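Results of the structural survey
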Amino acid sequence: MTRFTPADRLKQLPPYLFKEIDRLKDEVKARGVDIIDLGVGDPDLPTPRFIIQRLQEAALDPSTHRYPSYSGMNDFREAVVRWYQRRFGVTLDPEREVVTLIGSKEGIAHLPLAFNNPGDLNLVTSPAYPVYHIGTLFAGAHSHFLPLLRENHFLPDLSQVSGEVARHAKMLFFNYPNNPTGAVADFGFFIQAAEFCREHNIIAVHDAAYTEMAYDGFKPRSFLEVPGAKEVGIEFHSLSKSYNMTGWRLGFAVGQADVIAGLGKIKSNIDSGAFNAIQYAGIAALDSDQSSIRENCRILQERRDILISGLRKLGYAAVPPKATFYVWLPTPTGFTSAQFTGLLLEQAGIVTTPGNGFGAPGEGYIRLALTVDKSRLEEALDRLARLS
């Protein structure tokens, strides 16, 4: 039998975290166990009907069936500009400072190909969404990890980055509201990050996928609200979490024109753009009154409160997140992240994500996603109580 040797870049990659979780979940499910899945951050709430209707209308138009523009339809990029102005008070040029993405994941993964040479260095917060590190590896660069610790409110301590490391760094990846910790950044941190990147000629890469998923009246801000941030930074957004459109694959990046152009050049050589009918649906979402987002947050806040209250009654040190739909839970004494995740899956049929799967500083935590209805959360709490 002929065998082919994978490229070295594939050998560097850890197993993709969520693919491994799916494998373990399927093993347990095959034994007839009723699974409550709090693992992957995939909204269970449906895409709003008005967005689906706009897709249906656009898909019936034969003109949408042809190749889309590489950088995205002008109408979609202008809708992004309108949304940014309304939501954050940030002014953007739709021609030079916006690029449409097939979901923000692909844009984040492709960005290092535009600006990293082999052997370069990127600053990557940890624990983190795995794609920051994986995109860095695919470009032949290396990650210098910045730990996110509870004592620092899960913010990177940029003052601890040595001058030598800062001189060699090309990009700083950060993400607030944060996956997996649920932490939020105050505006002072964004100012500090912008100043740090300006001083050291580093591209600030802010993943802002969760700004529309917040509770108790909290309104996350954009990194680009910092005066001058647009000169050093790029910000990624996705319609996935905001509008329950994870399977639709539509997002965008905005910010520094040369960085946007570099990412666009990579994309024009790799993909052929997002389906125009989906972009028309995205325009409907961005230009809507955002009541669907408010309803999402109401439902998710209710779920959050049920889960946090129940965990605390059982003696867990649960902290309610101000944003995202994740609970970052310390493991009980004596358990590693993997051990506690395994116990919950094997003995309670509850799928969670081990914190160390997001990076070494995530050891001692698990992540729970608020992606089941409240009756299933209550069932999960009952099962946990039987374990105690």
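This one's a predicted model, so the numbers in the text were calculated from it and none came from an experiment.

1. Quick look at the domain arrangement of the protein
Taken as a whole, the protein is organised into domain 1 (9–38 + 289–385) and domain 2 (47–285). Placing a centre on the C-alpha atoms of domain 1 and another on those of domain 2 gives a separation of 25 Å. Regarding the contact of domain 1 and domain 2, the summed buried area is about 3000 Å², with carbon and sulfur atoms giving 61% of it. Applying the counting criterion to the domain 1 and domain 2 interface returns 1 salt bridge. With a closest N to O distance of 3.0 Å, arginine 304 and aspartate 216 form a salt bridge. Counting across the interface, domain 1 meets domain 2 through 13 residue pairs in polar contact (both at pLDDT 80 or more). When contributions to the side of domain 1 that touches domain 2 are tallied by element, the ones reaching two or more residues are helix H1 (8–12), helix H12 (291–313), strand S9 (326–330) and strand S12 (365–369). Residue contributions to the side of domain 1 that touches domain 2 peak at 7 residues, all from H12.

2. Observations regarding the sheet that holds strand S5 (residues 169–174)
The strand order across the open sheet built from 7 strands is S2-S8-S7-S6-S5-S3-S4, with neighbouring strands paired in mixed fashion. Each edge of the sheet is formed by a strand with only one pairing partner; in this case those strands are strand S2 (98–101) and strand S4 (142–147). The average angle at which neighbouring strand axes cross in this sheet is 20°, direction not considered. As judged from the 4 bridges shared by strand S3 (residues 121–126) and S5, these two strands associate in the parallel manner. The residue bridging valine 124 from the neighbouring strand is phenylalanine 173, located in S5. Seen against the sheet, helix H10 (residues 257–270) touches S2, strand S6 (203–207), strand S7 (233–238) and strand S8 (251–255) and runs at an angle of roughly 35° to S2.

3. Things to note about helix H4 (residues 74–88)
Taking 1.5 Å per residue as the helical rise, H4 with its 15 residues ought to reach 21 Å, and the 21 Å between its terminal C-alpha atoms agrees with that figure. Within the span of H4, buried status applies to Phe76, Arg77, Ala79, Val80, Val81, Trp83, Tyr84, Arg87 and Phe88. Two residues or fewer after H4 comes glycine 89, characterised by a positive phi angle close to 70°.

4. Examining the pairing of S3
Along any regular strand the residues' side chains alternate between the sheet's two faces. The element S3 is extensively covered by neighbouring structure, given that 6 of its 6 residues are classed as buried. Handedness of the β-α-β unit built from S3, helix H6 (residues 131–138) and S4 comes out right-handed.

5. Looking at the packing of helix H3 (residues 49–59) against helix H11 (residues 276–286)
Angle between the axes and distance between the axes are the two parameters that describe a pair of packed helices. Interaxial distance between H3 and H11 falls to 8 Å at its minimum, and their mutual angle equals 145°. In this structure, the crossing between H3 and H11 has a hand that is right-handed. Between H3, through Phe50, Ile51, Arg54, Leu55, Ala58 and Ala59, and H11, the contact on the second element is made entirely by Ala277, Ile278, Tyr280, Ala281, Ala284 and Ala285. The residue makeup of the contact of H3 with H11, split by class, is 11 nonpolar, no polar and 1 charged.

6. Quick look at the UniProt feature "domain: Aminotransferase class I/classII large" (unreviewed entry) in the protein
Per the UniProt entry, the sites bearing "domain: Aminotransferase class I/classII large" (unreviewed entry) are residues 34–384 in this numbering. Across residues 34–384 one finds 40% helix and 15% strand; the C-alpha atoms that close the span lie 14 Å apart.

7. Examining the pairing of S12
Judged by how many residues are buried, S12 sits mostly within the fold: 5 of 5 residues are covered. A two-sided burial pattern is seen for S12, the buried positions comprising Tyr365, Arg367 and Ala369 on one face and Ile366 and Leu368 on the other. The pairing of S9 with S12 spans 5 bridges and is antiparallel. Residue pairing in the sheet places tryptophan 328 in a bridge with arginine 367 of S12. Bridge count for strand S11 (residues 353–354) against S12 is 2 bridges, and the pairing is antiparallel. Each bridged residue has a counterpart across the sheet, and for threonine 353 the counterpart in S12 is arginine 367.

How each quantity is defined
Residues numbered from 1 in each chain as written. Predicted model: local features only at pLDDT ≥ 70, side-chain atom pairs only at ≥ 80, totals over all residues. Heavy atoms only, no water. Domains from an automatic or database assignment. Buried area = accessible area lost by both parts, 1.4 Å probe. Salt bridge = Lys/Arg side-chain N within 4 Å of Asp/Glu carboxyl O. Polar contact = N/O pair within 3.5 Å; in protein donor to acceptor, adjacent residues only side chain to side chain. Helix = DSSP H or I, 4+ residues; strand = E, 2+ residues; numbered from the N terminus. Pairing = 2+ DSSP bridges. Axes fitted to C-alpha atoms, helices over the stretch in contact; angles between N-to-C directions. Contact = heavy atoms within 4.5 Å. Expected span 1.5 Å × (residues − 1). Buried < 20%, exposed > 50% of the residue type's maximum accessible area, 1.4 Å probe, protein only. Right-handed = clockwise from strand over helix to strand, strands pointing away. Left-handed = near helix turned anticlockwise from the far one by under 90°. Nonpolar A, V, L, I, M, F, W, Y, C, P; charged D, E, K, R; others polar. UniProt positions renumbered as here; feature names shortened; annotations may be inferred.

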